[in-house]
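# A structural walkthrough
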Amino acid sequence: MAKVILRNLNKTFVDQQSKKEVNAVKDLDLEIHDGEFMVLVGPSGCGKTTTMRMVAGLEEVTSGEILIGERVVNDVPPRDRNIAMVFQNYALYPHMSVYDNMAFGLRLRMLPPIWEQLANPGKTKEIKASIDAKIQAAAKKLDITDYLDRKPKALSGGQRQRVALGRAIVREPEVFLMDEPLSNLDAKLRVQTRFELINLHRELKVTTIYVTHDQVEAMTMGQRIAVMNNGLLQQCDTPQNIYRHPANMFVAGFIGMPPMNFVKGATVQMEGARPVIHCGGFSVTLSAERTNVLAAYVGKEVVFGVRPEHLNDKSLVSGTPENVIRAQVEVIEQMGATSNLYISLGGHALVSVVDASTIAKENAPLDIVIDAEHCHVFDKDTEKAIF
Ligand SMILES: Nc1ncnc2c1ncn2[C@@H]1O[C@H](COP(=O)(O)OP(=O)(O)OP(=O)(O)O)[C@@H](O)[C@H]1O
Ligand SMILES: [Mg+2]
C-alpha cells in the first residue's frame, strides 16, 4: 500500500477551437493516507476526472507534483505506477471470457516472451498456476466464480462491474482509482455494490481514490471527503466534520439533502449578552458562546444558514424551546419516515424536514423551532463560514 500526495497540482487545457485556456485543476494540495478510502466529490466539470487521470499518468500535469509512496511519479509511465483503475464504462474486452479479461493484464506482466515459455515449460506452468490462483481468489471474493467462462455481454451491469473490479484486484495494486464506477447501475444495485466496495476495502486495505458527484455516495463511503468546485479544493475532512462544519457556502449547500437553507441580507446585533441574527421577517437568538466569533460582524450583513433537519415542528419538540416562529406550510412531501415541509418563514421560502408524525397541514400555519445550536453564519463577501 502507499500514500498518495498531490502537491500544488495544476492542469490547464487549451481549448482547440477558441484557443482559450481552461484551468481544470488549480493549486490542488491533497494527501491521501496509506490505506485510506478518499472520496473526491463535486459537480460536473469541477476537475475530478482530470485529477484522477493525472494520478493515473494518463494526463500530463501542467505544474506541481504527484507522489505515490515516497516516489515522485510525474515522469513515470502509467504501467509503472502500480495503480489499478475502475472507470464508469468498465471497458471489458467483449471477445474475451470473464476469466481472460481478468487474466489479460497479469499474463502480459508475468509471463516471459513466448520463446522463453517454450524453452522452459515447467516455469511457465508455475506462473500460469499462480495467475489462476489470483483469479480464483478474486472471483470468490466478488462472487463471480460461476461466470468465469462467460463473455461480458452475457452478464448484467452489476456483474460486469464486479468483473472490472476483479480485473483491478488481481493486479494487487498499491492504489485503486475509481471514477464513478457505480453510475451505470440502477439505484438498488448501486446501494448494494457501494456496500460491497466498502467491505472489499476493509479487507484489502488498498489506498483508494473514489470519484463521484453523488453526495450520498461520498458521505456513506468516504473515510474522508475532498469537495471540489471549479477546479479548486473547497474542503477535505471526515463526512461528519464536513456535514457539521462546512468551510463555506458551497460545501454547506452541496453536502446534505435537501440542501441547507440560506437567508441572505441577514444582520448581526447584540441583545443583552447574546447575539441575534435578524433575517428580515424572523430573528434567531444564538448562545452567548457565539459572541466573540461574531464580534467583528455586529451591525454588518451576513448570510444565515440552517439545515432542513434543524427546523422542527414545535409539536414534536419537548420542553419550552427558544426561537419558535410561526411559519406558513405551503407544500408537504411525504418521504416515508420523514416529511419535507416547504414553508414560508418571515417571507423566506425554506425547507424543513420533520418526523412523519408532524401535525403540519398544507396551506396552514405551523410553529417552527429553529435549532440555534446547529445554525451557521457565513461572511457575505468571502462566503466562508464564520461558524
Ligand atoms: N481534453 C480536454 N480539453 C479541454 N478541456 C478539457 C479536457 N478535459 C477536460 N476539460 C475541461 O476540464 C474541466 C474539468 O473536467 P473533468 O472531466 O475533470 O470534470 P469532472 O469533475 O470529472 O466532471 P464530471 O462529473 O462531469 O465527470 C471541464 O471544464 C472540462 O470541460
Ligand atoms: Mg468525470
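Residues numbered from 1 in each chain as written. Chains lettered and ligands numbered in written order. Predicted model: local features only at pLDDT ≥ 70, side-chain atom pairs only at ≥ 80, totals over all residues.

## A closer look at the overall build of the chain
Counting its regular elements, the chain contains 10 helices and 20 strands. Referenced to the eigenvectors of the C-alpha coordinate spread, the extents of the chain come out at roughly 90 × 45 × 40 Å. Pairs at least 24 apart in sequence give 67% of the contacts found in the chain among residues at least 6 apart. (Helix = DSSP H or I, 4+ residues; strand = E, 2+ residues; numbered from the N terminus. Contact = placed C-beta atoms within 7 Å.)

## So, the sheet that holds strand β3 (residues 37–41)
Paired through backbone hydrogen bonds, the strands of a sheet run either parallel or antiparallel to each other. Spatial ordering of the open sheet is given by β6-β7-β8-β3-β9-β10, a layout of six strands whose pairing is mixed. Two strands in the sheet have a free side with no partner beyond their single neighbour: β6 (83–87) and β10 (232–237). Between one strand axis and the next, the sheet turns by 15 degrees as a mean value, whatever way the strands run. Where β6 lies against strand β7 (residues 175–179), five bridges are found, and the strand directions are parallel. (Pairing = 2+ DSSP bridges. Axes fitted to C-alpha atoms, helices over the stretch in contact; angles between N-to-C directions.)

## Quick look at the nonpolar core
Membership of the largest hydrophobic core comes to 97 residues, with the highest contact counts inside it found for Leu177, Ile209, Val227 and Phe304. The dominant element in this core, judged by the number of residues it contributes, is helix α5 (residues 157–170), at six residues. Here this core gathers at least three residues from each of two domains, domain 1 (4–253) and domain 2 (258–379). Discounting chain neighbours no more than four positions away, the residues touching valine 227 are Val41, Gly42, Gln234, Gln235, Ile242, Val251, Phe254 and Ile255. (Core = buried A, V, L, I, M, F, W, Y, C linked by C-beta atoms within 7 Å. Buried ≥ 20, exposed ≤ 12 C-beta atoms within 10 Å, placed from the backbone. Domains from an automatic or database assignment.)

## Some points on the domain arrangement of the chain
Taken domain by domain, the chain comprises domain 1 (4–253) and domain 2 (258–379). Centre-to-centre, using C-alpha coordinates, domain 1 lies 41 Å away from domain 2.

## So, the sheet that holds strand β18 (residues 348–355)
Across the sheet, which stays open at both edges, the five strands sit in the order β15-β19-β16-β17-β18 with antiparallel pairing between neighbours. Where the open sheet ends on each side, the last strands, each with one partner, are β15 (311–313) and β18. Averaged over all adjacent pairs, the angle separating strand axes in this sheet is 50 degrees, with direction ignored. Looking at chain direction, β15 and strand β19 (residues 364–370) are connected through three bridges and run antiparallel. In the strand pairing of β19, leucine 311 is matched with isoleucine 370.

## A few points about helix α4 (residues 121–142)
For α4, spanning 22 residues, the distance from its first C-alpha to its last is 31 Å, which sits close to the expected 32 Å at 1.5 Å a residue. For α4, the full list of buried residues reads Ile135, Ala138, Ala139 and Leu142. Buried residues of α4, seen end-on, are gathered within an arc of 100 degrees and therefore sit on one face of the element. Looking at α4, the residues exposed on the side facing more than 90 degrees away from the buried face are Gly122, Lys125, Glu126, Ala129, Ser130, Ala133 and Lys140. At its buried positions, α4 is contacted by α2 (98–110) and α5. (Expected span 1.5 Å × (residues − 1). Arc of directions from axis to C-beta.)

## Topic: unusual backbone geometry
A cis geometry characterises the amide bond from methionine 257 onward to proline 258, with omega recorded as -5 degrees. Secondary-structure assignment places proline 258 in the loop between α9 (249–254) and β11 (261–271). The phi torsion at asparagine 323 lies on the positive side, around 55 degrees, for a residue other than glycine. Along the polypeptide, asparagine 323 turns up in the loop between β15 and β16 (324–334).

## Focus on the site of ligand 1
In the neighbourhood of ligand 1, 13 residues make up the surrounding shell, with Phe13, Ala24, Ser44, Thr49 and Thr50 lying closest. Of all the elements in the fold, those that place two or more residues in the shell around ligand 1 are β2 (21–32) and α1 (48–56). Ranked by residue count, the leading element in the shell around ligand 1 is α1, at three residues. Taken together, the residues of the shell around ligand 1 sort by class into four nonpolar, seven polar and two charged. (Near = placed C-beta within 6 Å. Nonpolar A, V, L, I, M, F, W, Y, C, P; charged D, E, K, R; others polar.)

## Concerning the packing of α2 against α5
Relative orientation of the contacting elements α2 and α5 amounts to 30 degrees, with a least axis distance of 9 Å. Relative to α5, the element α2 lies roughly parallel. The two elements α2 and α5 cross, and the hand of that crossing is right-handed. On the side of α2, the interface is formed by Val98, Asn101, Met102, Gly105 and Leu106, while α5 contributes Val163, Gly166, Arg167 and Val170. Per-class residue counts for the contact of α2 with α5 are five nonpolar, three polar and one charged. (Parallel < 35°, antiparallel > 145°, perpendicular 65-115°, else oblique. Left-handed = near helix turned anticlockwise from the far one by under 90°.)

## Points about the pairing of β18
Consecutive residues of a regular strand have side chains that alternate between opposite faces of the sheet. As defined by bridge partners, strand β17 (residues 338–345) adjoins β18 across eight bridges and the pair is classed as antiparallel. When the sheet's bridge partners are listed, leucine 345 is paired in β18 with histidine 348. Counted between consecutive antiparallel strands, the loop separating β17 from β18 contains two residues, among which glycine 346 sits at a positive phi close to 55 degrees.

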